[in-house]
Amino acid sequence: MKFPVNFGLLKRDKARPGRRFHSRIIGVLGLLAVAGVLQACSVVKLAYNQAPDLAYWYLDTYLDLTGEQSLRVKASLNQLQAWHRQTQLPVYITALQKLQQQLPSDTTAAAACAVAADVRNNLGAVARQAESLAAGVAVMLQPTQIGHLAQKFAKTNAEAEDELQDDSGKTRQGKRYRQLLSRAESLYGTLDEPQRAVIARRLEQSRFDLRVLFAERQRRQRDTLQTLQPMAAGQSSPAQAQTALRGLIERTLNPMEPAYRRYLDQLGQENCQGFAELHNSTTPAQRSKAVETLRGYEQDFRILNERKS
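A quick note: this is a predicted structure, and the numbers were derived from the prediction, not measured. (Residues numbered from 1 in each chain as written. Predicted model: local features only at pLDDT ≥ 70, side-chain atom pairs only at ≥ 80, totals over all residues. Heavy atoms only, no water.)

Student: Explain the overall build of the chain to me, please; I cannot follow it from the model alone.
Tutor: When its secondary structure is counted, the chain shows twelve helices and zero strands. Ordered by position from N to C terminus, the α and β elements of the chain give α-α-α-α-α-α-α-α-α-α-α-α. By the burial criterion, 46% of the 309 residues in the chain qualify as buried. For the chain, the proportion of contacts with a sequence separation of at least 24, taken over those separated by at least 6, is 85%. (Helix = DSSP H or I, 4+ residues; strand = E, 2+ residues; numbered from the N terminus. Buried < 20%, exposed > 50% of the residue type's maximum accessible area, 1.4 Å probe, protein only. Contact = heavy atoms within 4.5 Å.)

Student: Whenever I open this one, the side chain of Ser76 confuses me. Can you help?
Tutor: In this structure, Ser76 sits in helix α3 (residues 67-87). With sequence-adjacent residues up to four places away left out, Ser76 is seen in contact with Leu133 and Val137.

Student: For this particular structure, what's the right way to read helix α11 (residues 258-280)?
Tutor: An α-helix turns once per 3.6 residues; consequently, residues spaced three or four apart project the same way. Under the 1.5 Å per step criterion, the end-to-end length of α11 is 33 Å for 23 residues, consistent within 8% with the ideal 33 Å. Among the structural elements, α5 (109-138), α7 (169-188), α8 (193-205), α9 (210-232) and α12 (284-306) are those in contact with the buried residues of α11. For α11, the N-terminal cap is Glu257; the gap from its side-chain oxygen to the backbone nitrogen of Ala259 is 3.0 Å. (Expected span 1.5 Å × (residues − 1). Polar contact = N/O pair within 3.5 Å; in protein donor to acceptor, adjacent residues only side chain to side chain.)

Student: Help me out: how do you make sense of the side chain of Gln195 in this one?
Tutor: Examined against the element boundaries, Gln195 turns out to sit in helix α8. Judged by relative accessible area, Gln195 falls into the buried class, the value being 3%. At 2.7 Å, the side chain of Gln195 forms a polar contact with the side chain of Gln286. Discounting residues that sit within four places of it in the chain, Gln195 has contacts with Leu278, Ser281, Thr282, Thr283 and Gln286.

What follows is the structure, encoded as C-alpha coordinates:
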(Lines give C-alpha, C1' and ligand atoms only; values in the text may rest on other atoms or scores of the structure.)
Protein backbone atom coordinates (compact mmCIF):
# COMPACT_ATOMS: atom_id res chain seq x y z
CA MET A 1 0.00 0.00 0.00
CA LYS A 2 1.10 3.59 -0.36
CA PHE A 3 2.23 5.35 2.80
CA PRO A 4 0.60 8.76 2.96
CA VAL A 5 3.85 10.49 3.93
CA ASN A 6 6.21 8.24 2.06
CA PHE A 7 6.56 10.83 -0.72
CA GLY A 8 5.97 8.09 -3.26
CA LEU A 9 8.01 4.91 -3.05
CA LEU A 10 7.44 4.31 -6.72
CA LYS A 11 5.06 5.98 -9.12
CA ARG A 12 4.68 5.80 -12.87
CA ASP A 13 4.78 9.30 -14.35
CA LYS A 14 3.01 9.50 -17.70
CA ALA A 15 4.18 13.04 -18.31
CA ARG A 16 7.84 12.15 -17.93
CA PRO A 17 8.23 8.40 -18.50
CA GLY A 18 12.03 8.59 -18.59
CA ARG A 19 12.51 9.31 -14.92
CA ARG A 20 13.82 5.87 -13.95
CA PHE A 21 14.72 4.01 -17.12
CA HIS A 22 17.77 2.44 -15.49
CA SER A 23 15.60 0.51 -13.06
CA ARG A 24 13.05 -0.49 -15.68
CA ILE A 25 15.52 -2.04 -18.08
CA ILE A 26 16.84 -4.24 -15.30
CA GLY A 27 13.49 -4.88 -13.65
CA VAL A 28 11.01 -3.74 -16.22
CA LEU A 29 8.03 -5.15 -14.41
CA GLY A 30 8.92 -3.43 -11.20
CA LEU A 31 5.54 -1.77 -11.34
CA LEU A 32 4.08 -5.18 -10.55
CA ALA A 33 5.65 -4.98 -7.13
CA VAL A 34 3.77 -1.81 -6.35
CA ALA A 35 0.41 -2.48 -7.96
CA GLY A 36 -1.08 -2.23 -4.49
CA VAL A 37 -0.21 1.43 -4.17
CA LEU A 38 -2.73 2.42 -6.84
CA GLN A 39 -5.76 4.27 -5.60
CA ALA A 40 -8.63 2.08 -6.83
CA CYS A 41 -9.04 -1.66 -6.69
CA SER A 42 -10.25 -1.89 -10.28
CA VAL A 43 -7.17 0.06 -11.36
CA VAL A 44 -4.93 -2.42 -9.56
CA LYS A 45 -6.24 -5.36 -11.58
CA LEU A 46 -6.26 -3.44 -14.84
CA ALA A 47 -2.71 -2.13 -14.38
CA TYR A 48 -1.38 -5.52 -13.33
CA ASN A 49 -2.85 -7.37 -16.27
CA GLN A 50 -1.62 -4.72 -18.70
CA ALA A 51 1.83 -4.44 -17.12
CA PRO A 52 3.72 -6.35 -19.87
CA ASP A 53 2.18 -4.15 -22.57
CA LEU A 54 2.93 -0.97 -20.62
CA ALA A 55 6.49 -2.07 -19.95
CA TYR A 56 7.01 -2.99 -23.61
CA TRP A 57 5.72 0.41 -24.72
CA TYR A 58 8.10 2.08 -22.28
CA LEU A 59 11.15 0.17 -23.51
CA ASP A 60 10.25 0.64 -27.16
CA THR A 61 9.94 4.38 -26.61
CA TYR A 62 13.49 4.55 -25.28
CA LEU A 63 15.22 1.91 -27.42
CA ASP A 64 13.27 1.87 -30.69
CA LEU A 65 13.19 -1.95 -30.69
CA THR A 66 13.48 -3.97 -33.87
CA GLY A 67 11.01 -6.69 -34.83
CA GLU A 68 13.17 -9.52 -33.47
CA GLN A 69 13.91 -7.60 -30.29
CA SER A 70 10.22 -6.87 -29.82
CA LEU A 71 9.36 -10.55 -29.89
CA ARG A 72 12.09 -11.33 -27.37
CA VAL A 73 11.09 -8.48 -25.07
CA LYS A 74 7.39 -9.38 -25.11
CA ALA A 75 8.14 -13.02 -24.35
CA SER A 76 10.47 -12.03 -21.49
CA LEU A 77 7.92 -9.65 -20.00
CA ASN A 78 5.19 -12.27 -20.09
CA GLN A 79 7.53 -14.78 -18.48
CA LEU A 80 8.45 -12.34 -15.76
CA GLN A 81 4.83 -11.54 -15.03
CA ALA A 82 3.96 -15.23 -14.77
CA TRP A 83 6.75 -15.69 -12.22
CA HIS A 84 5.59 -12.63 -10.32
CA ARG A 85 1.97 -13.77 -10.27
CA GLN A 86 2.90 -17.16 -8.84
CA THR A 87 5.62 -16.16 -6.36
CA GLN A 88 5.24 -12.52 -5.37
CA LEU A 89 1.51 -11.92 -5.08
CA PRO A 90 1.22 -14.40 -2.18
CA VAL A 91 3.92 -12.36 -0.41
CA TYR A 92 1.90 -9.17 -0.88
CA ILE A 93 -1.27 -10.88 0.35
CA THR A 94 0.48 -11.94 3.55
CA ALA A 95 1.91 -8.46 4.04
CA LEU A 96 -1.50 -6.85 3.59
CA GLN A 97 -3.06 -9.20 6.12
CA LYS A 98 -0.38 -8.29 8.65
CA LEU A 99 -0.86 -4.58 8.05
CA GLN A 100 -4.61 -4.87 8.48
CA GLN A 101 -3.98 -6.25 11.94
CA GLN A 102 -1.59 -3.42 12.79
CA LEU A 103 -3.54 -0.42 11.48
CA PRO A 104 -6.08 -0.16 14.32
CA SER A 105 -3.23 0.54 16.76
CA ASP A 106 -0.74 3.39 17.00
CA THR A 107 2.55 2.84 15.20
CA THR A 108 6.17 4.00 15.32
CA ALA A 109 8.68 5.29 12.81
CA ALA A 110 10.63 2.06 13.18
CA ALA A 111 7.57 -0.02 12.26
CA ALA A 112 6.88 2.17 9.21
CA CYS A 113 10.50 1.86 8.10
CA ALA A 114 10.30 -1.92 8.44
CA VAL A 115 7.42 -1.99 5.98
CA ALA A 116 9.33 0.28 3.59
CA ALA A 117 12.31 -2.09 3.80
CA ASP A 118 10.05 -5.00 2.87
CA VAL A 119 8.90 -3.09 -0.20
CA ARG A 120 12.51 -2.50 -1.26
CA ASN A 121 13.30 -6.17 -0.76
CA ASN A 122 10.36 -7.15 -2.95
CA LEU A 123 11.57 -4.82 -5.69
CA GLY A 124 15.02 -6.35 -5.40
CA ALA A 125 13.54 -9.82 -5.89
CA VAL A 126 11.84 -8.71 -9.10
CA ALA A 127 15.05 -7.12 -10.37
CA ARG A 128 17.08 -10.26 -9.65
CA GLN A 129 14.54 -12.42 -11.44
CA ALA A 130 14.69 -10.09 -14.42
CA GLU A 131 18.49 -10.19 -14.72
CA SER A 132 18.81 -13.11 -17.13
CA LEU A 133 15.79 -12.01 -19.17
CA ALA A 134 17.12 -8.47 -19.49
CA ALA A 135 20.59 -9.72 -20.39
CA GLY A 136 19.18 -11.74 -23.28
CA VAL A 137 17.63 -8.58 -24.67
CA ALA A 138 20.56 -6.27 -23.88
CA VAL A 139 23.03 -8.26 -25.99
CA MET A 140 20.71 -7.77 -28.98
CA LEU A 141 20.96 -3.98 -28.80
CA GLN A 142 22.72 -1.99 -31.50
CA PRO A 143 24.97 1.09 -31.06
CA THR A 144 22.34 3.26 -32.76
CA GLN A 145 19.85 2.26 -30.08
CA ILE A 146 22.22 3.38 -27.33
CA GLY A 147 22.48 6.68 -29.17
CA HIS A 148 18.69 6.86 -29.29
CA LEU A 149 18.55 6.18 -25.55
CA ALA A 150 21.10 8.94 -24.86
CA GLN A 151 19.02 11.40 -26.88
CA LYS A 152 15.89 10.49 -24.94
CA PHE A 153 17.74 10.98 -21.67
CA ALA A 154 18.94 14.40 -22.84
CA LYS A 155 15.42 15.41 -23.86
CA THR A 156 13.80 14.39 -20.57
CA ASN A 157 16.61 16.05 -18.62
CA ALA A 158 16.09 19.31 -20.48
CA GLU A 159 12.38 19.15 -19.71
CA ALA A 160 13.11 18.49 -16.05
CA GLU A 161 15.56 21.40 -15.88
CA ASP A 162 12.96 23.72 -17.42
CA GLU A 163 10.44 22.59 -14.85
CA LEU A 164 12.88 23.15 -12.00
CA GLN A 165 13.58 26.68 -13.22
CA ASP A 166 9.93 27.58 -13.85
CA ASP A 167 8.55 26.30 -10.55
CA SER A 168 9.27 28.20 -7.37
CA GLY A 169 9.98 26.30 -4.18
CA LYS A 170 6.57 27.34 -2.86
CA THR A 171 4.83 26.05 -5.97
CA ARG A 172 6.61 22.69 -5.79
CA GLN A 173 5.78 22.36 -2.11
CA GLY A 174 2.13 23.08 -2.89
CA LYS A 175 2.11 20.32 -5.50
CA ARG A 176 3.71 17.86 -3.10
CA TYR A 177 1.21 18.76 -0.39
CA ARG A 178 -1.72 18.05 -2.70
CA GLN A 179 -0.17 14.75 -3.79
CA LEU A 180 0.46 13.60 -0.24
CA LEU A 181 -2.98 14.66 0.92
CA SER A 182 -4.57 12.73 -1.95
CA ARG A 183 -2.57 9.61 -1.07
CA ALA A 184 -3.42 9.90 2.61
CA GLU A 185 -7.12 10.34 1.94
CA SER A 186 -7.13 7.41 -0.48
CA LEU A 187 -6.20 5.30 2.54
CA TYR A 188 -7.93 6.95 5.50
CA GLY A 189 -10.71 8.95 3.90
CA THR A 190 -11.13 12.70 4.45
CA LEU A 191 -8.57 14.19 6.84
CA ASP A 192 -9.37 16.85 9.41
CA GLU A 193 -7.53 20.18 9.52
CA PRO A 194 -5.14 19.16 12.35
CA GLN A 195 -4.21 16.04 10.35
CA ARG A 196 -3.64 18.11 7.24
CA ALA A 197 -1.43 20.35 9.32
CA VAL A 198 0.76 17.35 10.11
CA ILE A 199 1.46 16.87 6.40
CA ALA A 200 2.08 20.59 5.84
CA ARG A 201 4.46 20.84 8.79
CA ARG A 202 6.39 17.76 7.73
CA LEU A 203 6.79 19.20 4.24
CA GLU A 204 8.12 22.48 5.61
CA GLN A 205 10.71 20.60 7.66
CA SER A 206 11.60 18.09 4.96
CA ARG A 207 15.08 17.66 3.46
CA PHE A 208 13.47 16.66 0.16
CA ASP A 209 15.39 18.32 -2.69
CA LEU A 210 14.48 17.79 -6.33
CA ARG A 211 17.88 19.00 -7.47
CA VAL A 212 19.65 16.33 -5.45
CA LEU A 213 17.38 13.68 -6.96
CA PHE A 214 17.88 15.12 -10.44
CA ALA A 215 21.67 14.91 -10.08
CA GLU A 216 21.36 11.29 -9.00
CA ARG A 217 19.09 10.56 -11.95
CA GLN A 218 21.74 11.91 -14.31
CA ARG A 219 24.39 9.76 -12.65
CA ARG A 220 22.23 6.67 -13.09
CA GLN A 221 21.62 7.54 -16.72
CA ARG A 222 25.37 7.75 -17.33
CA ASP A 223 25.81 4.46 -15.52
CA THR A 224 23.12 2.85 -17.66
CA LEU A 225 24.69 4.04 -20.92
CA GLN A 226 28.16 2.90 -19.86
CA THR A 227 26.81 -0.49 -18.83
CA LEU A 228 24.88 -1.06 -22.06
CA GLN A 229 27.48 0.20 -24.54
CA PRO A 230 29.74 -2.91 -24.46
CA MET A 231 26.70 -5.12 -24.96
CA ALA A 232 25.55 -3.12 -27.98
CA ALA A 233 29.07 -3.28 -29.37
CA GLY A 234 29.00 -7.09 -29.25
CA GLN A 235 31.63 -7.25 -26.53
CA SER A 236 29.54 -9.10 -23.93
CA SER A 237 28.21 -12.64 -23.71
CA PRO A 238 24.79 -13.15 -22.06
CA ALA A 239 26.57 -14.23 -18.87
CA GLN A 240 28.78 -11.14 -18.89
CA ALA A 241 25.75 -8.98 -19.61
CA GLN A 242 23.89 -10.50 -16.69
CA THR A 243 26.81 -9.78 -14.36
CA ALA A 244 26.99 -6.19 -15.60
CA LEU A 245 23.27 -5.69 -15.14
CA ARG A 246 23.48 -7.15 -11.66
CA GLY A 247 26.04 -4.46 -10.82
CA LEU A 248 23.76 -1.80 -12.26
CA ILE A 249 20.91 -3.08 -10.08
CA GLU A 250 23.10 -2.96 -6.99
CA ARG A 251 24.27 0.59 -7.70
CA THR A 252 20.68 1.62 -8.32
CA LEU A 253 19.20 0.08 -5.17
CA ASN A 254 22.22 0.87 -2.99
CA PRO A 255 23.92 4.05 -4.23
CA MET A 256 27.63 4.12 -3.47
CA GLU A 257 28.13 7.87 -3.03
CA PRO A 258 28.27 8.44 0.76
CA ALA A 259 26.63 11.87 0.76
CA TYR A 260 23.70 10.66 -1.31
CA ARG A 261 23.27 7.56 0.85
CA ARG A 262 23.14 9.77 3.95
CA TYR A 263 20.56 11.93 2.20
CA LEU A 264 18.39 8.89 1.38
CA ASP A 265 18.70 7.56 4.91
CA GLN A 266 17.68 10.90 6.39
CA LEU A 267 14.80 11.29 3.96
CA GLY A 268 13.62 7.75 4.62
CA GLN A 269 13.63 8.31 8.38
CA GLU A 270 11.77 11.55 7.83
CA ASN A 271 9.10 9.76 5.83
CA CYS A 272 8.68 7.05 8.45
CA GLN A 273 8.34 9.60 11.23
CA GLY A 274 5.83 11.57 9.19
CA PHE A 275 3.71 8.51 8.50
CA ALA A 276 3.75 7.46 12.15
CA GLU A 277 2.74 10.94 13.29
CA LEU A 278 -0.10 11.14 10.79
CA HIS A 279 -1.36 7.62 11.50
CA ASN A 280 -1.33 8.20 15.25
CA SER A 281 -3.49 11.28 14.72
CA THR A 282 -6.22 9.35 12.91
CA THR A 283 -9.56 8.39 14.43
CA PRO A 284 -10.88 4.82 14.88
CA ALA A 285 -13.22 5.43 11.95
CA GLN A 286 -10.36 6.52 9.71
CA ARG A 287 -8.32 3.48 10.70
CA SER A 288 -11.28 1.25 9.93
CA LYS A 289 -11.44 2.88 6.50
CA ALA A 290 -7.73 2.13 6.02
CA VAL A 291 -8.25 -1.53 6.95
CA GLU A 292 -11.13 -1.72 4.49
CA THR A 293 -8.94 -0.21 1.76
CA LEU A 294 -6.17 -2.74 2.33
CA ARG A 295 -8.69 -5.57 2.42
CA GLY A 296 -9.81 -4.51 -1.04
CA TYR A 297 -6.22 -4.66 -2.28
CA GLU A 298 -5.83 -8.09 -0.70
CA GLN A 299 -8.90 -9.35 -2.51
CA ASP A 300 -7.59 -7.99 -5.80
CA PHE A 301 -4.26 -9.74 -5.32
CA ARG A 302 -6.05 -12.98 -4.55
CA ILE A 303 -8.02 -12.74 -7.78
CA LEU A 304 -4.87 -11.92 -9.74
CA ASN A 305 -2.96 -14.76 -8.09
CA GLU A 306 -5.66 -17.29 -8.98
CA ARG A 307 -5.46 -16.34 -12.63
CA LYS A 308 -2.89 -18.61 -14.26
CA SER A 309 -2.21 -16.62 -17.40
